[in-house]
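Here is what each chain is made of, one letter per residue.
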Amino acid sequence: MAVVAIAVLMGAVVGWAASVALTPPRDVLESTAYTYVEVVEGEVGSSINLNTVAEWSPIPVGSNLAAGTVTSIAVSPGQELAAGAVLYTVNLRPVLIGQGDIPAFQSLTQGMKGADVAQLQNLLSTLGLYKGPADGVFGQRLTAAVKSWQKSLGIAVDGTVQAGDVVFVPSLPTRVALDQTIIKRGASLSGGESVVTGLPPSPLFTVPVTDTQAALMPAGTRVEITGPAAETWEGFVVDQTTDENQAITAVLAGKDGATICGDACGSIPVTEKSLLSSRIVTVEAVTGLTVPSAALLSRADGTLSVIDDAGVETEVTVVTSARGMSVIDGVASGTRVRVPASAG
């Protein structure tokens, strides 16, 4: 009898063990409809990393009239120049930059009159060498100023300004670039070459984007650009353009009309496009009480709420959302809320 009882008991144990071994474990996700998370302080924001293209758009502004051999070059591409700055030398004679709407076309000497004489008077007045009126009359006072100027430049003092001595451009100061295929050490010039290009205050900043990226970058989107010296510049999307190949480009500008690169624009090469690492801020970072966005319960009237661990529903206001997280107002820090909120 004892043997039978033991056999029955062992059979029961074996049957229990078999049932345990053969029955799959419960799926936690199936057995648990929701969980709780604590409302905590945090930061919510979103960004993507892309390259910004910086490119200058030079415009021809001045021609060379000096004939001879280029013996030196005095400016670097993109350098900002003021009136009287030396651009280069031809046969050791300096060629300078001046402001004026009339290109130099003839030599100027005492007894001449005209608008080009007035431009020369304005140039020497800016340099502090001429004290008379800009009346377009080349008199003795202007002759004296020209001789003082020539002496300071280390050239023959004869009171006559050669046609190739000054390249007049529409406005100064301005950033300029010389045509390096023409103005180079040892090059031969005959006069008449278009050699000076003017640059705008800032290069054009653009971001090539895909359709999906373009949708994340409406007008006003902020872009943090890393400059050549690892400094951070700030730009904003002001437009999006599409070319004939359907390539989309976001166009950037500085805040309130300011240039993106400020005083550091000269560090951007003039002769080629520059690729600058950038962070596109698709959602500005906001600090506050954060919860997973799945904890938000949407009601028919458009309001949002959360449900705490006591089952109490509390209406909240969403400050911002990004990457599955939201900053909210309306509940206290430390509150445990249901995720997902709609679990039932």
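Rules of the game
Residues numbered from 1 in each chain as written. Predicted model: local features only at pLDDT ≥ 70, side-chain atom pairs only at ≥ 80, totals over all residues. Heavy atoms only, no water. Helix = DSSP H or I, 4+ residues; strand = E, 2+ residues; numbered from the N terminus. Rg over C-alpha atoms; globule rule 2.2 N^0.38 Å. Buried < 20%, exposed > 50% of the residue type's maximum accessible area, 1.4 Å probe, protein only. Areas by Shrake-Rupley, 256 points an atom, 1.4 Å probe, with all protein chains shown as cover. Core = buried A, V, L, I, M, F, W, Y, C linked by side-chain atoms within 4.5 Å. Contact = heavy atoms within 4.5 Å. Disulfide = S-S within 2.5 Å. Pairing = 2+ DSSP bridges. Axes fitted to C-alpha atoms, helices over the stretch in contact; angles between N-to-C directions. Polar contact = N/O pair within 3.5 Å; in protein donor to acceptor, adjacent residues only side chain to side chain. Phe/Tyr/Trp six-rings, centres within 6.5 Å; stacked < 30°, edge-to-face > 60°. pLDDT = per-residue confidence, 0-100.

A. View of the overall build of the protein. Scanning the protein from N- to C-terminus turns up 5 helices and 21 strands. Relative to the 2.2 N^0.38 estimate, which gives 20 Å for 344 residues, the radius of gyration of the protein is 37 Å and therefore markedly larger than a compact globule would have. Within the protein, the proportion of its 344 residues that are buried is 38%. Carbon and sulfur atoms provide 55% of the accessible area of the protein, an area that totals close to 18500 Å².

B. Region of interest: the nonpolar core. Counting 25 residues, the largest nonpolar core has F205, M217, I225, W233 and L252 as the members making the most contacts within it. Those elements that place two or more of their residues in this core are β2 (40-55), β12 (204-209), β13 (222-226), β14 (232-242), β15 (248-253) and β16 (274-292). Leaving out residues up to four positions away in the same chain, I225 has contacts with T52, F205, E231, T232, W233, L252, I260, L276, S277 and S278.

C. Seen up close, the state of the cysteines. Scanning all chains against the criterion turns up 1 disulfide. The disulfide partner of C261 is C265, and the gap between their sulfur atoms is 1.9 Å. A torsion of 85° about the S-S bond marks the disulfide between C261 and C265 as right-handed. Taken as a pair, C261 and C265 share a single burial class, namely buried.

D. Geometry of the pairing of strand β18 (residues 304-307). Sheet topology places strand β17 (residues 297-298) next to β18; 2 bridges connect them, and they run antiparallel. Pairing of S298 across the sheet is with L304, part of β18. A loop of 5 residues connects β17 with β18, the two strands running antiparallel in sequence, and G302 in this loop sits at a positive phi of about 90°. Sheet topology places β18 next to strand β19 (residues 313-322); 4 bridges connect them, and they run antiparallel. If you follow V306 over to β19, its bridge partner there is T314. Between β18 and β19, which follow one another and run antiparallel, lie 5 residues, and G311 among them has a positive phi close to 85°.

E. Region of interest: the environment of D239. With respect to the helices, strands and loops of the structure, D239 is situated in strand β14. For D239 and G220, which are 19 residues apart along the polypeptide, the C-alpha to C-alpha distance reads 9.0 Å. D239 has contacts with T249, A250 and V251, leaving out every residue within four places of it along the chain.

F. Local environment of the sheet that holds strand β3 (residues 59-63). On the basis of which strands lie adjacent, the open sheet formed by 4 strands has the order β3-β11-β9-β5 and antiparallel pairing. Taken across any chain shown, the strands that pair with only one partner, and hence form the sheet edges, are β3 and β5 (79-81). The mean angle between the axes of side-by-side strands here comes to 45°, regardless of whether they run parallel or antiparallel.

G. Representation of the side chain of S305 within the structure. Turning to its location among the elements, S305 is positioned in strand β18. S305 gets classed as buried once you look at its relative accessible area, which sits at 4%. Engagement of the side chain of S305 in a polar contact is seen with the side chain of E313, the distance being 2.7 Å. Those residues in contact with S305, other than ones at most four positions away along the chain, are A295, L296, L297, R299, E313, T314, E315 and V316.

H. Structural view of the packing of aromatic side chains. Under the counting rule described, the total for this entry stands at 2 aromatic pairs. Taking the centre distance of 5.6 Å and the plane angle of 85° together, the rings of Y34 and Y36 count as edge-to-face. Judged by relative accessible area, Y34 falls into the partly exposed class, the value being 29%. Ring centres 6.2 Å apart and planes at 85° place the aromatic pair F205 and W233 in the edge-to-face group.

I. Spatial organisation of the sheet that holds strand β8 (residues 166-169). As summarised here, the arrangement of the 5 strands in space is β8-β7-β6-β4-β10, forming an open sheet in which the pairing is mixed. At either end of the open sheet lies a strand with only one pairing partner, and these are β8 and β10 (188-189).

J. Fine view of the side chain of T197. Looking at where T197 falls in the secondary structure, it is placed in strand β11 (residues 194-199). Ignoring anything within four residues of it in the chain, the contact list for T197 reads P58, I59, P60, V61, R175, V176 and A177.

K. Seen up close, the environment of A258. Mapped onto the elements of the fold, A258 is located in the loop between β15 and β16. With 56 residues separating them in the primary sequence, A258 and S202 have C-alpha atoms 9.4 Å apart.

L. Representation of the confidence of the model for the protein in the model. Chain-level pLDDT for the protein is 90 on average; 90% of the residues reach the 70-or-more range. Under a pLDDT of 50 for its full length, residues 12-23 has, in the predicted model, 0 contacts with residues more than four places off or in other chains.

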